[in-house]
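# Residue-level structural notes
Letter by letter, the chains look like this.
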Amino acid sequence: MSEIKDKNNVFENELLPHIDSLKTFAFHLTYNENDADDLVQETYMKAYRFIDKYIEGTNAKAWLFKILKNAYINEYRKKSKRPTKVDFEDIVSYHDSDDSGSTSYLDLREEIFQNMMGDEVTIAINRLPIDFRTVILLCDVEGFTYEEISKIINVPIGTVRSRLFRARNMLKEKLKSYAESKGYRDVRGAKAASQEE
């Protein structure tokens with residue numbers, strides 16, 4: 001009986017506090033509130049079922065994100081009736097092709113990111129291809145380390161760094177005129193030029 005009580009305490013104290021972050025990530029994978037909720041529910045069901053695999057006091061958030069990402073891939077497999085082995089890059093390509101045909105983009109859910117980002121930033125993030133959007137959300141919004149992101153999305157750390165670099169550059173280009181309208185100037189080139197003189 002105390003084993004079940006311990007299991008419930010770990011679940012409530014270490015895993016449940018991350019539900020909002022999981023909902024946000026799930027929403028950005030599915031772009032559908034109901035599908036995102038189903039994905040989070042499935043994540044928590046699997047986490048509870050396999051809680052004996054979780055090491056108490058470790059990074060619960062990264063563990064949950066990995067479960068969610070795997071659940072998403074499995075759901076993708078069911079819907080597409082693909083063979084059992086699916087590469088994450090296939091999922092990225094699938095979503096990129098869906099995004100390119102759409103003329104409008106969903107905003108990040110305001111209740112989660114209220115006062116955190118302006119609409120222009122939110123729209124720019126949503127317009128990124130899913131593999132770049134994922135690393136931006138995991139690193140710059142959720143605060144995961146490169147190593148944690150590498151484990152969550154099953155790619156080498158070098159790939160994480162590369163995607164993050166490219167994603168930030170894409171965002172820089174998308175937000176350049178917005179930043180200038182807010183009075184920001186890109187002075188990096190000017191600093192380099194003044195140092196050469």
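All of these numbers come straight from a predicted model, not from anything done at the bench.

## Describing the overall build of the protein chain
The helix and strand inventory of the protein chain stands at eleven helices and zero strands. Moving toward the C terminus, one meets the helices and strands of the protein chain in the order α-α-α-α-α-α-α-α-α-α-α. Taking all 197 residues of the protein chain together, the buried fraction comes to 37%. Restricting the contact set of the protein chain to residue pairs at least 6 apart, pairs at least 24 apart contribute 63%. Total accessible area computed for the protein chain in this model is approximately 12100 Å², and 49% of it derives from carbon and sulfur atoms.

## Observations regarding the nonpolar core
When a protein is soluble and globular, its nonpolar side chains tend to lie buried together. Core analysis: the largest hydrophobic core is formed by 45 residues, its most contacted members being L15, L68, L138, I149 and I153. Among the secondary structure elements, those contributing two or more residues to this core are helix 1 (2-15), helix 2 (19-30), helix 3 (33-49), helix 4 (60-80), helix 7 (119-126), helix 8 (130-141), helix 9 (146-153) and helix 10 (157-181). Once you skip the residues sitting within four places of it in the chain, L138 turns out to touch F25, F65, G143, F144, I149, I152 and I153.

## Focus: the packing of helix 8 against helix 10
Relative orientation of the contacting elements helix 8 and helix 10 amounts to 95°, with a least axis distance of 9 Å. With respect to their mutual orientation, helix 8 and helix 10 come out roughly perpendicular. Across the interface between the two elements, D131, F132, V135, I136, C139 and D140 from helix 8 touch R163, L164, R166, A167, R168, M170 and L171 from helix 10.

## With respect to helix 2
Along its twelve residues, helix 2 runs 16 Å from first to last C-alpha, staying within 8% of the 16 Å computed at 1.5 Å per residue. S21, L22, T24, F25, A26, F27, H28, L29 and T30 are the residues of helix 2 that are buried. Positive backbone phi, approximately 55°, marks Y31, located one or two places after helix 2.

## Some remarks on the packing of aromatic side chains
Counted under the stated rule, the structure contains five aromatic pairs. Both rings, one in Y54 and one in W63, keep their centres 5.2 Å apart while their planes meet at 40°; by these two values the pair is tilted. Exposure remark for Y54: the relative accessible area of 7% places this residue in the buried category. Chaining the aromatic ring pairs together yields one cluster made of F11, Y44 and Y48. Here the basic side chain of K7 rests over the ring of Y48, its NZ or CZ set 4.6 Å away from the ring centre. Directly above the aromatic system of F144 lies the positively charged group of K61, at a separation of 5.2 Å from the ring centroid.

Quick notes on the rules
- Residues numbered from 1 in each chain as written.
- Predicted model: local features only at pLDDT ≥ 70, side-chain atom pairs only at ≥ 80, totals over all residues.
- Heavy atoms only, no water.
- Helix = DSSP H or I, 4+ residues; strand = E, 2+ residues; numbered from the N terminus.
- Buried < 20%, exposed > 50% of the residue type's maximum accessible area, 1.4 Å probe, protein only.
- Contact = heavy atoms within 4.5 Å.
- Areas by Shrake-Rupley, 256 points an atom, 1.4 Å probe, with all protein chains shown as cover.
- Core = buried A, V, L, I, M, F, W, Y, C linked by side-chain atoms within 4.5 Å.
- Axes fitted to C-alpha atoms, helices over the stretch in contact; angles between N-to-C directions.
- Parallel < 35°, antiparallel > 145°, perpendicular 65-115°, else oblique.
- Expected span 1.5 Å × (residues − 1).
- Phe/Tyr/Trp six-rings, centres within 6.5 Å; stacked < 30°, edge-to-face > 60°.
- Lys NZ or Arg CZ within 6 Å of the ring centre and 35° of its normal.

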